[in-house]
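Below, each chain spelled out in residue letters.
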Amino acid sequence: MFDVKFKIEELKAQIRHHNEKYYQDEKPEISDAEYDKLMIELQKLETENPELLTADSPTQKVGAKPLEKFEKVRHAKPMLSLGNAFSIEDVSDFLTRAKKFLGIDDAENTEVFCEPKIDGLSFTARYENGKLVLAATRGDGEEGENVTQNISTIHSLPKNLKRNFPQILEVRGEIYLSHKEFERINKERLEEGDEVFANPRNAASGSIRQLDSEITKSRRLQYFVYGWGEVSEEKWNSQSEAIEYFKESGFTINERSKLRRNISEIEEYYKNLYELRPDLDYDIDGLVYKINSIKLQERLGFVARAPRWAIAHKFPAEQGKTKIEDITIQVGRTGALTPVAELTPINIGGVLVKRATLHNRDEIERKDIRIGDTVVLQRAGDVIPQVVSVDLEKRTDSKEFTFPDKCPVCSSPAVRENDDAVTRCSGGISCAAQAVEYLKHFISRDAFDIEGLGKKQVEKFYEKEILREPADIFTLEERNNEIHLEKWEGYGETSVTKLFASINTRRKIGVDKFIYSLGIRHIGQENAKLLAKNYISFQEFFESAKKINDIAFAEYNEMLNIDGLGEKIIRSVALFFSNEKHIKIVENLLRQIEVEDFKKSENSDSELAGKSIIFTGTLAKLTRAEAKAMAEKAGAKVVSAISSKTDYLIAGEDAGSKLKKATQLEIKIISEDEFLTLIS
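Bear in mind that the values here come from a model prediction, so they are computed numbers and not experimental data. (Residues numbered from 1 in each chain as written. Predicted model: local features only at pLDDT ≥ 70, side-chain atom pairs only at ≥ 80, totals over all residues. Heavy atoms only, no water.)

Undergrad: What exactly am I supposed to notice about the state of the cysteines here?
TA: A covalent bond between the sulfur atoms of two cysteines is what we call a disulfide. With the rule as written, the count across this model stands at 0 disulfides. Free of any disulfide, Cys425 has its nearest cysteine sulfur in Cys410, 3.5 Å distant. The buried category is assigned to Cys425, whose relative accessible area is 6%. Not engaged in a disulfide, the cysteine Cys431 finds its nearest cysteine sulfur in Cys410; these two sulfurs lie 3.7 Å apart. Its relative accessible area of 0% is what places Cys431 among the buried residues. (Disulfide = S-S within 2.5 Å. Buried < 20%, exposed > 50% of the residue type's maximum accessible area, 1.4 Å probe, protein only.)

This is the structure:
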């Protein structure tokens, strides 16, 4: 069995790049279908291996960081994304999962609100006492850009509400550009010698981010409202009632949205919209399905990136044919050697595609991909385009690709473990490519997030040999009397002062972010948080992690008992901390920074906050998944195996050996009803 997790890690880096190109730069390098194709692969791997699903995965993230030219806005409620379905079978699975979570018979009809998925720019508009006071883009889901003035130019968006409105109302929707307006704008830009927009989505995104609101106004943007954020008083009990309320309040809603009761009706709705798609005056890239009942939505809750009660059903991927001119190798942070096809540029769905990932050696051999081949590309996923197949009829003088047995960067042996599909450079951080990628990970948004220190600066500092390990970042200022950064091209006294100030503000960091920043293989944000919750302080984790390479040690079993962590993850932690170089890197870093203990859940007044609990037997009122989600929300640590450190055992019907062991260990045993009382 190959290492699925590393394949996921490879996809992450590519996805982040394309998310930035799409959301920030508004210049995507790949088409939506290519993006979706690789996302399918990523989601499939995570679904089949839920223990590998981590918060740093592109499936758990939304958009990209806000642009710097607009004031940042912290969303009162996160603007999450949606999980994706690519077939009616995927949609059926989504409904089955939701019903299973709720304990509803799969054969029972459940109302689903269906709506077209607009290919535009997500926004939120906040009304206080009926007056528009703020509008923002989605940004990274937590923080967006303040574009109130620009969104106010959309004439159909109410500036004042004229009916019975709550004191606070945040509506959320999608801004788009009609095909007619898109053609008009591009025609004008051609006449003026400007670069044309690739597609309506890019045009809408660029228009709402104009510093001159008059330009935004001239673009004649439109919108649909599809949901809400913070509301002081909800005046609806279902998704359909909410949309009707928004319509009566003066907002534009999509009249093609419909209520459906089962998978057959949903499939019919999908087919009708898919056939109608070419006749619409706006772009849609799929449909969105939402469990209609608000009560059921609240019970279902959320995962890291998306609600459990909604899913996007994407339209089929777009394809195209082009030639592979060469195959090159990229070296990633964990040493993965990823083959990349260098293509004769091709336009698919309005995006110029020049490169495509070939994933690994097995993928090349399985599809028999050669240099010089004409290949079918598919646009679908969270990553660079994927080669679907080779057009063998056009193969003439193609050349087989020989996978290197040495790293192309540092010439260290390229090795492949028995259960790993990926070939890796064995040089570790001695390899420049790995060291640079490791440092980029360290300063990334979800790790230390040092403003003014980006990927290009890391590359330059590494090249100039002033940055070799993370601790070097925090000694830059004291070494500057030798480095003289202010004399470097692109720097000045002001920018250097700001950089040092930014670095100094990051000398304190939470333990979960710190663990994530270390770049331990398989430890994404979610797993880092699991470890932080369990160990509380980094020092406790550090001392324990150095001992877990011995299976006989109690530290090994303690980590194994953390619900959500498997042996593969623990082996990865053991491997990282068995390396003396890594130990030294961490120790050097700890001399420069302070790692703050993990903070308990906001629901710290709950009696379960910080407690270790375990479920056994069959619950009558909740499904196991629902109970676990509620416990974690209350700040509890849900473990998979009972031990003397377990605080509570929640016993359902037909409880077995765990109940017996809990009695022997004198662990407090409570019923399902008592559990519900505690978390309330």
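Undergrad: Can you help me understand the pairing of strand β26 (residues 668-671) in this one?
TA: Walk down a regular strand and you will see the side chains alternate between the two sheet faces. By the bridge criterion, 4 bridges tie strand β25 (residues 648-651) to β26 in an arrangement that is parallel. What sits directly across from Ala651, in β26, is Ser671. Once you follow β25 into helix α23 (residues 657-664) and on to β26, the crossover reads as right-handed. (Pairing = 2+ DSSP bridges. Helix = DSSP H or I, 4+ residues; strand = E, 2+ residues; numbered from the N terminus. Right-handed = clockwise from strand over helix to strand, strands pointing away.)

Undergrad: Explain the sheet that holds strand β24 (residues 637-638) here, please?
TA: Strands belonging to one sheet form pairs held by backbone hydrogen bonds; the direction of such a pair is parallel or antiparallel. The strand order across the open sheet formed by 4 strands is β24-β23-β25-β26, and the pairing between neighbours is parallel. Each having just a single partner strand, β24 and β26 make up the two edges of the open sheet. Relative to β25, strand β23 (residues 612-616) runs parallel, the two sharing 4 bridges. Within β25, the position partnered with Ile613 by the bridge is Tyr648.

Undergrad: So what exactly am I meant to see when it comes to the nonpolar core here?
TA: Generally speaking, soluble globular proteins have nonpolar side chains that are buried together. If you look at the biggest cluster of nonpolar residues, it comprises 61 residues, and the most contacted ones within it are Phe538, Phe541, Met559 and Phe577. The dominant element in this core, judged by the number of residues it contributes, is helix α20 (residues 567-577), at 6 residues. Not counting the four nearest positions on each side in its chain, Phe541 is found in contact with Ile515, Leu531, Tyr535, Met559, Val573 and Phe577. In terms of nonpolar packing, the next biggest core, distinct from the first, is built from 36 residues, Val147, Ile154, Val171 and Ala203 among them. (Core = buried A, V, L, I, M, F, W, Y, C linked by side-chain atoms within 4.5 Å. Contact = heavy atoms within 4.5 Å.)

Undergrad: In this structure, what is going on with the confidence of the model for the protein? I would like to understand it.
TA: Low pLDDT marks stretches whose predicted atomic positions should not be read closely. In the predicted model, the protein carries a mean pLDDT of 84, and 87% of its residues have values of at least 70. A low-confidence stretch, residues 62-68 stays under pLDDT 50, and its non-local contacts, those more than four residues away or across chains, total 31 contacts. (pLDDT = per-residue confidence, 0-100.)

Undergrad: In this structure, what is going on with the side chain of Asn292? I would like to understand it.
TA: Here Asn292 shows up in the loop between β10 (284-291) and α10 (294-300). Assessed through its relative accessible area of 3%, Asn292 is described here as buried. A polar contact is formed between the side chain of Asn292 and the backbone nitrogen of Ser240, at a distance of 2.9 Å. If sequence neighbours within four positions are ignored, Asn292 has contacts with Glu111, Val112, Phe113, Asn237, Ser238, Gln239, Ser240, Leu259 and Gln297. (Polar contact = N/O pair within 3.5 Å; in protein donor to acceptor, adjacent residues only side chain to side chain.)

Undergrad: Sorry, what's going on with the sheet that holds strand β3 (residues 112-118) here?
TA: Judged by pairing direction, the sheet is mixed, and its 5 strands sit side by side in the order β2-β11-β10-β3-β9 without closing on themselves. A single partner strand is all that each edge strand has here, and the edge strands are β2 (83-85) and β9 (258-260). For this sheet, the mean angle separating the axes of adjacent strands, direction not counted, is 35°. Pairing of β3 with β9, which is carried by 3 bridges, proceeds in the antiparallel orientation. Paired with Cys114 across the strands is Lys258, a residue of β9. (Axes fitted to C-alpha atoms, helices over the stretch in contact; angles between N-to-C directions.)

Undergrad: Any chance you could explain the pattern of salt bridges here in plain terms?
TA: Between side chains of opposite charge, a pair can form when the charged atoms approach closely. Applying the stated criterion across every chain, the model contains 30 salt bridges. Measuring nitrogen to oxygen at the nearest pair gives 3.2 Å for the salt bridge that ties Arg172 to Glu170. Of the residues examined, Arg172 reaches a relative accessible area of 7% and is grouped as buried. Taking the relative accessible area as the measure of exposure, Glu170 reaches 6% and is therefore buried. Note that Glu543 and Lys546 form a salt bridge whose closest N and O atoms lie 3.3 Å from each other. Overall, the relative accessible area of 35% leaves Glu543 in the partly exposed class. Since its relative accessible area comes to 29%, Lys546 is described here as partly exposed. What you see here is one network of salt bridges that share partners, running through Arg126, Glu128, Glu170, Arg172 and Glu230. (Salt bridge = Lys/Arg side-chain N within 4 Å of Asp/Glu carboxyl O.)

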